[in-house]
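Chain by chain, the residues:
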Amino acid sequence: MTFTRSANLANLKSSETVAISTEAKRRRAAGENVLDLGAGEPDFDTPQRAADAGIAAIRAGKTRYAPNVGTSELRSAMAGALSRMSGGRPVDPERLIVSNGSKQALFNACFALFGPGDRVLIPSPAWVSYPQIVHLARAEPVPVPGDPEWGLKVSVADLERFRDKHTRGLILCSPCNPTGAVYTGAEMAAIAEWAGTHGIWLLSDEIYRRIHFGEGPAPSLFDLDDTVLDRSVVFYGASKAYAMTGWRIGASYAPIELTRAMAALQSHTTTGANHPAMWAATTAFSDPEIDVEVERMVAAFRRRRDYLVARFQDQLPGVEFVEPHGAFYFFFRVDAMVPDAGLVGAAFCEQLMQQEGVALVPGGAFGDDRWVRLSFAVSDAELEAACDRLVQFVVRLGAGAAVR
Ligand SMILES: Cc1ncc(COP(=O)(O)O)c(C=O)c1O
């Protein structure tokens, strides 16, 4: 029978970041010397004590359905971790739902909050899945271009230009994938106040919060008043800071009525997250030794960030980039190097892969193809080798005065 897409999938595109990683893996398997700096996951292993807790859970028979919103132990452990990061502020475990990664939590929230006729503002460039998830809810994603003078972040004035009477939501990501930019506490507070004034739901993706190169974790909605949390959804999880991407543990924190609606939705889609993985995550969020390990991983990301910034400043002084303050991405501009208008990022990445065997992600995947994203979640040696190849490639491109 011929397959025709239902209206549900009318706007669906598959993930370009996953496609690039798959291509890099294919080339590697075929024996090519490919450096994959396209992936969005830590290069570290899951902390042993968390992995052991998952294995112990399987051995102890914790292999049946868990409560659909997550075990009470995990919700308490996660609430504790969130509370500690915000100076001990109360965090109610009843408002947390554990999902199959924060991606499912984002889907739950968008599906529960938005529908046809609704518009959702998304500061751009943005993580690939936000517009797709909003489309799946049959609402309209509205990109709000970030300011290149300001780390590609948006201000209240930028958001206000795109607001109309159909605007129902805003998805903020800090630390940001793909730029590594971080909103300050004051910037977040101003945006939260603007959203509140206009009855706009603020969806704050804080999955990279612990991977912050400043003091402590990155600023969060949890640092603001209860009134902000009463009209917002915060997303968090184990994937990034705890190097647990494959365990698929993420969460939403939302007002109680919305939490109930999302729990009902999740009960009919996946039932809930993987039960043994919840025990691994319970240990990850509560074990002080794992906390120390997370700090070590963050220190490695910081060191690699410093290395990249220094190499770009030194060897590619004309190339514009966003200095990352969190996450593990480096976003740099390529349109001046490849003046072939239209497909700049895509052409750059394709040629770089062909000529130098380095996989990066074109900025078009995130809504702006003048840029390219490099993930520094790779070993120091791989990062150094990738930088050598990248500089060589750019020099060959003949970016002229921009290259030393
Ligand atoms: C900004 C952002 N949010 C959410 C996710 C989803 O993470 P997970 O579903 O593993 O929690 C990712 C993963 O790449 C991401 O980069």
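Residues numbered from 1 in each chain as written. Predicted model: local features only at pLDDT ≥ 70, side-chain atom pairs only at ≥ 80, totals over all residues. Heavy atoms only, no water.

This structure, assessed with the given rule, holds one cavity of 30 Å³ or more. If you add up the space inside the largest cavity, you get close to 110 Å³. In terms of residue count, the dominant contributor to the lining of the largest cavity is strand S5 (residues 167-173) (three residues). The residue inventory of the lining of the largest cavity, partitioned by class, reads eleven nonpolar, four polar and one charged. (1 Å grid on protein atoms, 1.4 Å probe; cavity = no way out; pocket = protein on both sides within 12 Å on 5 of 7 lines; lining within 4 Å. Points joined across faces, edges and corners; volume = space filled by probe spheres on them. Helix = DSSP H or I, 4+ residues; strand = E, 2+ residues; numbered from the N terminus. Nonpolar A, V, L, I, M, F, W, Y, C, P; charged D, E, K, R; others polar.)

What follows is about the environment of Ala346. Residue position: Ala346 is located in helix H12 (residues 344-356). Through-space distance from the C-alpha of Ala346 to that of Arg89 is 45 Å; in sequence the pair is 257 residues apart. With sequence-adjacent residues up to four places away left out, Ala346 is seen in contact with Pro362 and Asp369. (Contact = heavy atoms within 4.5 Å.)

Chain-level pLDDT for the protein is 94 on average; 97% of the residues reach the 70-or-more range. This stretch, residues 400-404, has a pLDDT under 50; its non-local contacts, to residues over four places away or in other chains, come to eleven contacts. (pLDDT = per-residue confidence, 0-100.)

As a further point, take the layout of surface pockets. The space that makes up the largest pocket amounts to roughly 610 Å³. Elements with a contribution of two residues or more to the lining of the largest pocket: helix H1 (16-29), helix H4 (101-113) and helix H5 (129-136). Grouping the constituent residues of the lining of the largest pocket by class yields ten nonpolar, twelve polar and seven charged. Its boundaries defined by the atoms lining it, the second largest pocket holds a volume of some 460 Å³. In terms of lining, the second largest pocket is formed by 24 residues, of which the most central are Val128, Ser129, Pro131, Gln132 and Ala365. Taken together, the elements giving at least two residues each to the lining of the second largest pocket come down to H4, strand S3 (119-124), H5 and strand S4 (140-145). Broken down by element, the residue count for the lining of the second largest pocket peaks at five residues, all from H5. Partitioned by chemical class, the residues of the lining of the second largest pocket number 13 nonpolar, eight polar and three charged.

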